[in-house]
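Examination of the molecular architecture
Next come the chains, spelled out residue by residue.
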Amino acid sequence: MKKIHKDALPKDREPQVGMVLGLVRSDGMQSEARITEVAEEGITIDLNHPLAGKALIFTLKVVEIN
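What counts, and at which threshold
Residues numbered from 1 in each chain as written. Predicted model: local features only at pLDDT ≥ 70, side-chain atom pairs only at ≥ 80, totals over all residues. Heavy atoms only, no water. Helix = DSSP H or I, 4+ residues; strand = E, 2+ residues; numbered from the N terminus. Rg over C-alpha atoms; globule rule 2.2 N^0.38 Å. Buried < 20%, exposed > 50% of the residue type's maximum accessible area, 1.4 Å probe, protein only. Contact = heavy atoms within 4.5 Å. pLDDT = per-residue confidence, 0-100.

Another point: the overall build of the protein. A tally of helices and strands in the protein yields 0 helices and 4 strands. The helix and strand sequence of the protein, counted from the amino end, reads β-β-β-β. For the protein, whose C-alpha radius of gyration is 17 Å, the value lies well above the compact-globule estimate of 11 Å for 66 residues. On the principal axes, the C-alpha backbone points of the protein span a range of 60 × 25 × 20 Å. Out of the 66 residues belonging to the protein, those deemed buried represent 18%. Considering only intrachain contacts with a sequence separation of at least 6, the fraction spanning at least 24 residues in the protein is 35%.

Glancing now at the confidence of the model for the protein. The predicted model of the protein has a mean per-residue pLDDT of 89, with 100% of residues at 70 or higher. Taken element by element, the protein is modelled with least confidence in strand 2 (residues 20-24), mean pLDDT 87, and with most confidence in strand 4 (residues 42-46), mean pLDDT 92.

Summarising the element assignment, Ile65 is placed in the segment after strand 4. On a C-alpha basis, the gap between Ile65 and Gly28 in space is 39 Å, while along the polypeptide they are 37 residues apart.

Quick look at the structure:
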């Protein structure tokens, strides 16, 4: 979780809880952040991947063993 000022957001949209923001990191890579709280002094964003904390189940097929 990270707090940022509302001034860092585009002026054409009102921030709302659950809104997803597209971000460009300092290394040029793109990522997403979800707004978790909107307050007078700023907003709180969650930078975790949407699947963070979820139970993931994978089905694998072994095709060769060396």
